[in-house]
Amino acid sequence: MEEKRRLTKKELRRRRRRRILIVKTVLLCVLLLILGFGVWALSGGTDKLKEKAKEKEQNNQTAVSESMDSTSSVSTAGEVDPSSLRESIMAEAEALAMTYDYDGAIEKLQSIEGASTDAEIITKVAEYTTTRDSCVRVNVNEVTHVFYHSLVVDPQKAFFQDNAQTEGFCEWMTTVDEFNKITQQMYDNGYVMVSLRDLVKETVDESGNVHFTEGDIYLPEGKKAFVLSLDDLCYYHSYDGRGIATKMVIGEDGKPTCEYTQDDGTVVVGAYDCIPLMDQFIEEHPDAVYHGARGTVALTGYDGILGYRTDISYKTGENLSDDQRAWLNAHPDFDYEKECEEAKKVADAIKEDGWTFASHTWGHIRVGDKSLEQIQTDTEKWLNYVAPLIGGSDIIIFAHGQDLSDWHDYTMENEKFSYLKSKGFNIYCNVDSSQYFVQVRDNYLRMGRRNLDGYRLYQDAYGGGSRTADLFDAASVFDSRRPTDPSLYDLQ
């Protein structure tokens, strides 16, 4: 017990010394802190502290203000002012009605809260209903189909060069000025653009086979439907130096437009061909189209598409034409994969804009003259090197105006038709100068097209023809900057 008491006293003394040491250490730290604070204060630290406090207070006030603004904005965005929402939906409905989509416009209006008791909406619905019910069903067998090639920006370059190609440019091409006049006159004469797809109602059976019946298009009395297509939107090497756009690109607004090379070599971007020009016209005249329709773009592949050198020959260097070889030599940094990537982006923008694509055969071949084996070889090239860039297509627009047979219906006994049908083509277009040529059959749609080119304009303006009289006045459309030598238009 005595030993335990001695140990306890020793332990107590040890603890007492430890406490004293701790107290001294704490006092020393306090003194050091006081000394440091004095030095900091003398160097202006208190003023900085006040500034920080003031800054913090200002930041807090700003945060509160921004929070209130944000809350107000979120509240506005979240709740949406009923009046603003109502006006917005009514504007959307009016835009639909302008394109003859009265059912869509009525549906929009009826989606507005309180529509059944809103006097203005009730009046609008009644207006759209009355207009819709007064519309006349279009006879799809009497829908005309017109087409253009790439447009001439500079007639001097296209029509006045002393070489063998000049006659072709005079005959096949239309100028920008002529295109704009035709578009305006057709609009003034009541023509409304519809799409190829509007002409038919399409169903697919359990085996995946496509079936067509006549489509239901309703337009106001006096309006006339037409289809538009564009041939060879590839900007061939043969177009170089001919006053034609050089490629399709995506504009700053995300819409498809064109590049054009000026005389001094400067490349400018603008509406130098059919797609952007038609888009501009539709923006100004929304009632020029039915349900937002656009045209169909027919593409070959041998020189690439849309002005991009996407054919496999540019990559392999095999079977090159002189023009292709010269182009590659002038572009030593050419990147085939990048070229295809850019072409696909532009094609996507064109489709997003409402346009559709079609085959024009890979090599611009005459399907009526070619053998089945030659058509098969050509089609495989188109499917391999063009279709992937545009997302495929079931439309084929024959080059040179040829067709697979005469005007009689296609049958599966026609080996060329049977082959193309097996490759997924369901819509077939030729060139036919008659006003209408339409065949809606269970397994295909077939349509003739009218060439609105220099040949047709000259024939009707100066050669005594009248094949375009139902569309426009050829004499007033004919570009005064064109040559008038009849030999350039196949008239001696």
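Up top you'll find the structure we're talking about.
Trainee: It is not clear to me how the sheet that holds strand β12 (residues 267–270) should be interpreted in this structure. Could you clarify?
Mentor: Strand pairing within a sheet occurs via backbone hydrogen bonds; the two strands may be parallel or antiparallel. Strand order in the open sheet formed by three strands is β10-β11-β12, with antiparallel pairing between adjacent strands. Only two strands of the sheet have a single neighbouring strand rather than two, namely β10 (247–250) and β12. Looking at each pair of strands side by side, their axes are set apart by 40° on average, direction ignored. Pairing analysis gives four bridges linking β10 to strand β11 (residues 256–261), with the strands arranged antiparallel. Directly across from V249, in β11, lies its bridge partner T257. Contacting β10, β11 and β12, helix α9 (residues 274–284) runs over the sheet at an angle of about 130° to β11. Helix-sheet contacts for helix α12 (residues 336–352) involve β10 and β11, and the interaxial angle to β10 is about 75°.

Trainee: Can you help me understand the nonpolar core in this one?
Mentor: One finds L299, L306 and Y428 to be the most contacted residues of the largest nonpolar core, which totals 81 residues. By residue number, the principal contributor to this core is α12, which donates six residues. Apart from residues lying up to four places away in sequence, L299 is in contact with L233, C234, I305, L306, F357, A358, S359, H360, T361, W382, V386 and I390.

Trainee: Honestly, helix α15 (residues 415–422) in this entry has me stumped. Any pointers?
Mentor: Residues spaced three or four apart along an α-helix point in a common direction, a consequence of the helix completing one turn every 3.6 residues. Within α15 the residues assigned to the buried category are K416, F417, Y419, L420 and K421. Lining the buried residues of α15 we find β7 (210–214), α13 (372–385), β15 (395–397), β16 (427–429) and β18 (444–447). Among the residues of α15, the N-terminal cap falls to N414, whose side-chain oxygen and the backbone nitrogen of K416 are separated by 3.1 Å. Just beyond α15, the residue with positive phi is G424, at close to 95°.

Trainee: Hey, could you run me through the packing of helix α3 (residues 82–98) against helix α5 (residues 119–134) in this one?
Mentor: Working note: a packed helix pair is described by the angle between its axes plus the distance between those axes. α5 packs onto α3 with a crossing angle of 10° between their chain directions and a minimal axis gap of 12 Å. Here α3 lies roughly parallel to α5, going by the angle between them. Between α3 and α5, the contacting residues are R86, M90, A93, E94 and A97 on the first element and E120, I121, K124 and Y128 on the second. Residues that form the contact of α3 with α5 fall into these classes: five nonpolar, no polar and four charged.

Trainee: Where do I start with unusual backbone geometry in this structure?
Mentor: Most peptide bonds adopt trans geometry, and most residues besides glycine take a negative phi value. Here the phi dihedral of H364 falls at roughly 55°; this positive angle occurs in a residue that is not glycine. With a phi angle near 60°, H400 is a residue other than glycine that sits in the positive phi range. By the element assignment, H400 lies in the loop between β15 and α15. For H400, a relative accessible area of 40% corresponds to the partly exposed category.

Trainee: Which parts of the structure should I look at to understand the layout of surface pockets?
Mentor: The gaps left among the atoms become clear once a water-sized probe is rolled over them. Computed from the structure, the largest pocket encloses a volume of approximately 730 Å³. Considering the residues around the largest pocket, the lining is formed by 28 residues, among which H149, W172, D232, H364 and H400 are closest to the centre. Take the lining of the largest pocket: its biggest share by element is four residues, from helix α7 (residues 166–172). When the residues that make up the lining of the largest pocket are grouped by side-chain class, the tally is eleven nonpolar, ten polar and seven charged. In this structure, the second largest pocket encloses a volume near 420 Å³. Lining the second largest pocket are 22 residues, with D240, T246, T261, R309 and W327 positioned closest to its centre. Listing elements by their share of the lining of the second largest pocket, those giving two or more residues are β11 and α12. Here the element with the most residues in the lining of the second largest pocket is β11; it accounts for three residues.

Trainee: What is the right way to read the pattern of salt bridges from this model?
Mentor: Think of it this way: side chains of opposite charge can pair up when their charged atoms draw near. With the rule as written, the count across this model stands at 29 salt bridges. Among the salt bridges present, the one from R449 reaches D231, with a minimum N-O distance of 2.8 Å. Of this pair, R449 sits in the loop between β18 and β19 (450–451) while D231 sits in strand β9 (residues 224–231); the two residues are 218 residues apart in sequence, bridging distant segments of the chain. You'll find R449 and D231 in the same group, each marked buried. Put simply, E337 and K315 hold a salt bridge, and the shortest N to O gap is 3.0 Å. Placement of E337 in helix α12 and of K315 in helix α10 (residues 313–316) is noted, with a sequence separation of 22 residues between them. The exposure class assigned to K315 is partly exposed, which follows from its relative accessible area of 48%. Salt bridges sharing common partners tie together R86, E87, D118 and E120.

Trainee: What is the right way to look at the packing of aromatic side chains in this model?
Mentor: The geometry of an aromatic ring pair comes down to the distance between the two centres and the angle between the two planes. Evaluated as defined, the whole model comprises 24 aromatic pairs. Note on W382 and F425: the rings are 6.2 Å apart at their centroids and 55° apart in plane angle, and the pair reads as tilted. Taken together, the residues span a long stretch of sequence, with W382 in helix α13 and F425 in the loop between α15 and β16 at a distance of 43 residues. For the pair shown, W382 and F425 are each scored as buried. Ring geometry for F417 versus Y428: centroids 5.4 Å apart, planes at 55°, classification tilted. Here the residue F417 occupies a position in helix α15, and Y428 occupies one in strand β16, the gap between them amounting to eleven residues. Each member of the pair F417 and Y428 is classed as buried.

Basis of the calculations
- Residues numbered from 1 in each chain as written.
- Predicted model: local features only at pLDDT ≥ 70, side-chain atom pairs only at ≥ 80, totals over all residues.
- Heavy atoms only, no water.
- Pairing = 2+ DSSP bridges.
- Helix = DSSP H or I, 4+ residues; strand = E, 2+ residues; numbered from the N terminus.
- Axes fitted to C-alpha atoms, helices over the stretch in contact; angles between N-to-C directions.
- Contact = heavy atoms within 4.5 Å.
- Core = buried A, V, L, I, M, F, W, Y, C linked by side-chain atoms within 4.5 Å.
- Buried < 20%, exposed > 50% of the residue type's maximum accessible area, 1.4 Å probe, protein only.
- Polar contact = N/O pair within 3.5 Å; in protein donor to acceptor, adjacent residues only side chain to side chain.
- Parallel < 35°, antiparallel > 145°, perpendicular 65-115°, else oblique.
- Nonpolar A, V, L, I, M, F, W, Y, C, P; charged D, E, K, R; others polar.
- 1 Å grid on protein atoms, 1.4 Å probe; cavity = no way out; pocket = protein on both sides within 12 Å on 5 of 7 lines; lining within 4 Å.
- Points joined across faces, edges and corners; volume = space filled by probe spheres on them.
- Salt bridge = Lys/Arg side-chain N within 4 Å of Asp/Glu carboxyl O.
- Phe/Tyr/Trp six-rings, centres within 6.5 Å; stacked < 30°, edge-to-face > 60°.

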